[in-house]
Amino acid sequence: MNTPEYNVHRRSTMHHSPPLTPNALQPGGGLPAADTPPVAADEHVTSTTQRIVDAITAAIVERRLMPGTKLAEQPIADIFKVSRTLVRQALMQLSRDRLITLEPARGAFVAQPSVEEARQVFAVRQMLETALARQLAASITPAQIEELRAHLVAEREAVLRTDVPGRTRLLADFHVVLARQLGNEVLAQLLADLLSRSSLISLMYQSSHSAEHSQDEHVAIVEALARHDAEAAAALMASHIGSVERNLSLNPRIHDLASALAPSAA
């Protein structure tokens, strides 16, 4: 799965892909300004590579890069004013995280998760996040509840002003904040990766997703946590993830021509 070569996840049906536009990918991807002291050469390379990884990840999560978008090395190198070698390192890392695919003689593309992968991602989230909610309810502090409520306010404001990139990022970050409040950075990073993949899945299979409904469900989860009601928090989290999945069109496409056209011919 984590093959360090341009031979993973070959696609057989995608012959055209949307171009990478200058507005889709900007240096830093919303990261803090790089006012940092000089570092050793190796550390600088690592930092620059990570900056590219973070920017592409943010562009995917915030729906500025669509599934199937070609990620040509030279335009990315020009955007970040770095060598193609550093871009290639970033793309390799993103392929290991399964956010992009690397194809022989074709290059890098934003990944296009399959229906089965979508189901698996949500199954893993169900297992992890219901346990997270149950455990956090027992230990959450008043200060952490206030942090979550402030996050909910930011979510609501983004929803009301129809800020699609902002609300997408905030609704996903809510789950990572919960993991960090539990003090488990490994879980927080794992959830961040899963949520990035969930964003890709939503882009491909979303049918009638309601950001406002998701935000309301977040409010209910926080109120259960504030009451230290572990079972309610876990149940609400399971229901929330289930409703997000139900809003996706994950039924397999009909490939039989007669079956596909039968309703129109009747």
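You'll find the structure just up there.
The residue numbering used here restarts from 1 in each chain and proceeds along that chain's sequence as written. It should be noted that, the model being predicted, local features are given only for residues of pLDDT at least 70 and side-chain atom pairs only at 80 or more, the latter also being counted only at that level, while totals for whole chains, interfaces and linings use all residues. Note that water and hydrogens are dropped before the side-chain values are worked out from all heavy atoms of the structure.

### Overview of the overall build of the protein
For the protein, the count of helices and strands is 10 helices and two strands. In this description a helix means any DSSP run of H or I spanning at least four residues, a strand means any run of E spanning at least two, and both kinds are numbered starting from the N terminus. Listing every helix and strand of the protein by position from the N terminus yields α-α-α-β-β-α-α-α-α-α-α-α. Buried residues are those whose accessible area, probed at 1.4 Å on protein chains only, stays under 20% of the maximum for their type, while exposed residues exceed 50% and partly exposed ones sit between those limits. Counting the 266 residues in the protein, one finds 44% classified as buried. Residues count as neighbours in contact if any of their non-hydrogen atoms are within 4.5 Å of one another. Put simply, of all contacts in the protein between residues at least 6 apart along the chain, 78% involve residues at least 24 apart. We get accessible surface area from the Shrake-Rupley algorithm with a probe of 1.4 Å; when it comes to residues, only the shown protein chains can shield them. A total of about 13,600 Å² of accessible surface is found on the protein, and carbon and sulfur atoms cover 56% of it.

### Focus: unusual backbone geometry
In this structure, Lys81 is a non-glycine residue whose phi angle is positive, near 55 degrees. Locating Lys81 in the fold gives a position in the loop between helix H2 (73-80) and helix H3 (84-96). For Lys81, a relative accessible area of 74% corresponds to the exposed category.

### Regarding the pairing of strand S1 (residues 100-103)
Both faces of S1 are covered, namely the face carrying Ile100 and Leu102 and the face carrying Thr101 and Glu103. Following DSSP output, two strands are said to pair if at least two bridges run between them. Across four bridges, S1 lies against strand S2 (residues 107-110) in antiparallel orientation. Pairing of Ile100 across the sheet is with Val110, part of S2. The hairpin turn running from S1 into S2, its antiparallel successor, is three residues long, and Ala105 in that turn takes a positive phi close to 65 degrees.

### Here's the deal with the pattern of salt bridges
In the sections that follow, a salt bridge refers to a side-chain nitrogen of Lys or Arg positioned within 4 Å of a carboxyl oxygen of Asp or Glu. Applying the stated criterion across every chain, the model contains 13 salt bridges. The salt bridge involving Arg84 is made with Glu73; its shortest N-O contact spans 3.3 Å. With Arg84 in helix H3 and Glu73 in helix H2, this residue pair connects regions lying 11 residues apart in the sequence. Taking relative accessible area as the criterion, Glu73 reaches 11% and is therefore assigned buried. Two residues, Glu73 and Arg88, come together in a salt bridge whose shortest N-O distance is 2.8 Å. Here Glu73, found in helix H2, pairs with Arg88, found in helix H3; they are 15 residues apart in sequence, far enough to count as distant. For Arg88, a relative accessible area of 33% gives the class partly exposed. The structure contains a network of salt bridges with shared partners spanning Glu73, Arg84 and Arg88.

### Some thoughts on the environment of Arg125
Summarising the element assignment, Arg125 is placed in helix H4 (residues 115-139). Residues Arg125 and Leu194, 69 residues apart in the sequence, show an inter-C-alpha distance of 7.5 Å. Contact partners of Arg125, with chain neighbours within four places excluded, come to Thr130, His175, Leu194, Leu195, Ser198 and Ile241. N or O atoms within 3.5 Å of each other form a polar contact, as long as, within protein, one can give a hydrogen and the other can take it, and as long as residues adjacent in sequence are counted only when both atoms are side-chain atoms. A polar atom in the side chain of Arg125 sits 3.4 Å from the side chain of Ser198.

### Remarks on the packing of H4 against helix H9 (residues 230-246)
Put simply, H4 and H9 touch, their axes get as near as 8 Å, and they point 160 degrees apart. Taken together, H4 and H9 sit at an angle that is classed as roughly antiparallel. Pair H4 / H9 crosses with right-handed handedness. Facing Arg119, Phe122, Arg125, Gln126, Glu129, Thr130, Ala133, Arg134 and Ala137 of H4, the residues of H9 in contact are Ala230, Glu231, Ala233, Ala234, Met237, Ala238, Ile241, Gly242, Val244 and Glu245. Polarity classes work like this: nonpolar for Ala, Val, Leu, Ile, Met, Phe, Trp, Tyr, Cys and Pro, charged for Asp, Glu, Lys and Arg, and polar for all others, with Gly in that last group. Class assignment for the residues of the contact of H4 with H9 results in 10 nonpolar, three polar and six charged. Only the stretch in contact is used when a helix axis is fitted, and all axes are lines through C-alpha atoms; the angle between N-to-C directions ranges over 0 to 180 degrees. What sets the label is the angle itself: under 35 degrees gives roughly parallel, over 145 gives roughly antiparallel, 65 to 115 gives roughly perpendicular, and the rest give oblique. By convention the crossing between two helices is left-handed if the near helix lies anticlockwise of the far one by an angle smaller than a right angle, and right-handed if it lies clockwise.

### Things to note about H3
How far a helix is expected to stretch is found by multiplying one less than its residue total by 1.5 Å. In a regular helix each residue adds 1.5 Å, so 13 residues correspond to 18 Å; H3 covers 18 Å between its end C-alpha atoms and thus fits that length. Looking only at H3, the buried set comprises Leu86, Val87, Ala90, Leu91, Met92, Leu94 and Ser95.

### Digging into the nonpolar core
Buried Ala, Val, Leu, Ile, Met, Phe, Trp, Tyr and Cys residues form a nonpolar core when they are joined through side-chain atoms within 4.5 Å. Core analysis: the biggest nonpolar cluster contains 33 residues, and Leu148, Phe174, Leu178, Leu191 and Leu225 have the highest contact counts within it. If you list the elements that add at least two residues to this core, you get H4, helix H5 (142-160), helix H6 (164-181), helix H7 (185-205), helix H8 (211-226) and H9. Per element, the largest residue contribution to this core is seven residues, and it comes from H4. Ranked by size, the runner-up nonpolar core spans 25 residues in total, among them Ile60, Leu86, Ala90 and Met92.

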